[in-house]
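Spelled out from the first residue to the last, the chains are:
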Amino acid sequence: SLGDEGLWDKFLKRGTEKCIPFPAGFNVLNAMMNGGTVVGELTAIGALTSVGKSTMVSNLVIGYVEESRKKVGCVFLEADIGESIENLVSVSSKTRITDIAHENRDYVAYKKTYDDLTSTGALHLLDHRGSLDSEELFSKIQYMIKGLDCDIIIIDPLQAGVKSNENKAIDDFMDRCLKMIKNTEVSMIIVSHMRQPPQGRGPHAVDEYDLKGSSSINQIATNTILLSRDKLAEDDYARNCTQVQLVKCRRTGRTGVAGWLFYENNTSRLVATQAPEVKKANAHD
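Just so it is clear, the structure is predicted and the values come from calculations on it, not from any experiment.

Q: Any chance you could explain the overall build of the chain here in plain terms?
A: Assigned secondary structure in the chain consists of ten helices and eleven strands. A compact globule built from 285 residues would reach a C-alpha radius of gyration of about 19 Å, and the chain, at 19 Å, matches this within 12%. The principal-axis extent of the C-alpha atoms belonging to the chain is close to 65 × 45 × 35 Å. Counting every position in the chain, which comprises 285 residues, the buried fraction comes to 48%. Sequence separation of at least 24 residues holds for 65% of the intrachain contacts in the chain that already meet a minimum separation of 6. When the accessible surface of the chain is totalled, it reaches about 14,400 Å², and 49% of it is carbon and sulfur. Distance between charge centres in the chain, computed from 34 positive and 38 negative side chains, equals 3 Å.

Below you can see the structure in the form of structure tokens.
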């Protein structure tokens, strides 16, 4: 130990870190991660196109704000800011606004929901107004952490935050994110696109090597979570079920299927459910 008495103190702190649970619907994931993420951790979430990343992120944000009472900084680099607000208000108000004709929408109620989310300083949205260079982006993230006291930073997607998909650009971005949060009271979630898998692989046969870009996404992340959905399933229930896989958790070492989530179309919420084949078998019993 080279005479450094502080090393033992670092061990004593293991297990005492401030834990931030995922929303209640993610109960299996929380159990596998000993309660959720902890401060100073960087979590990567990967999913293929149109699987439901935006729905997942919106549910995470609202869960953190309403259930855990945390302050969340949202860095949504791909979605229009109006779309992001619509998604968040839909989840919070348990209403799928996009399915309601414009003339029938209750914007007074939506505004109240939006104000309830933002007026306390619990929710902060970065209006990037187009592309940001790396220095400006990290400056704004730093302000969310230091100036706005955010507990959680969510960047969606990683690929929109880098100048190119070259390995070095992604390596540098991930490394900079990790260094930024390592000595703070912040947990960071980075959402990543995934490469289209070869034909013939099942819809849930995804792994960390499918993350689009450098292998450093999984290597640098403390935790890696993958989402998959059978978008073409004939059964309506199966088509709206998302499998959650925990493929890396440095703190607990646990990996494997971390539950299933069912998308409630009328509420925009993701709720814990059974695997489609299990539910089907139980229905026949």
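So that's the structure; there's more coming.
Q: I would appreciate a short explanation of the pattern of salt bridges in the present structure.
A: Note that side chains of opposite charge can pair when their charged atoms are close. Counted according to the given criterion, the structure contains twelve salt bridges. The partner of Lys111 in a salt bridge is Asp115, with the nearest N and O atoms 2.8 Å apart. Separated by four residues within a single helix, Lys111 and Asp115 lie in helix H5 (residues 107-118), roughly one turn from each other. What makes Lys111 partly exposed here is its relative accessible area of 46%. Ionic pairing is found between Lys179 and Asp175, a salt bridge with its closest N-O pair at 3.1 Å.

Q: How should a nonpolar patch on the surface be read in this particular structure?
A: Residues Trp8, Phe11 and Leu12 make up a contiguous nonpolar surface patch of roughly 370 Å² in combined accessible area. By secondary structure assignment, the location of Phe11 is in helix H1 (residues 6-12). Under the relative-accessibility criterion, Phe11 is labelled partly exposed at 49%.

Q: Looking at this structure, how should I read the environment of Val244?
A: Following the sequence through the fold, Val244 ends up in strand S9 (residues 241-249). Classification of Val244 as buried rests on a relative accessible area of 1%. With near-sequence residues (within four places) excluded, Val244 lies in contact with Leu29, Ile225, Leu226, Leu227, Gly256, Val257, Ala258, Gly259 and Leu261.

Rules and cut-offs
- Residues numbered from 1 in each chain as written.
- Predicted model: local features only at pLDDT ≥ 70, side-chain atom pairs only at ≥ 80, totals over all residues.
- Heavy atoms only, no water.
- Helix = DSSP H or I, 4+ residues; strand = E, 2+ residues; numbered from the N terminus.
- Rg over C-alpha atoms; globule rule 2.2 N^0.38 Å.
- Buried < 20%, exposed > 50% of the residue type's maximum accessible area, 1.4 Å probe, protein only.
- Contact = heavy atoms within 4.5 Å.
- Areas by Shrake-Rupley, 256 points an atom, 1.4 Å probe, with all protein chains shown as cover.
- Lys, Arg positive; Asp, Glu negative; His and termini not counted.
- Charge placed at Lys NZ, Arg CZ, Asp CG, Glu CD.
- Salt bridge = Lys/Arg side-chain N within 4 Å of Asp/Glu carboxyl O.
- Patch = residues over 30% accessible without salt bridge, like charges linked within 9 Å, V, L, I, M, F, W, Y side chains within 5 Å.

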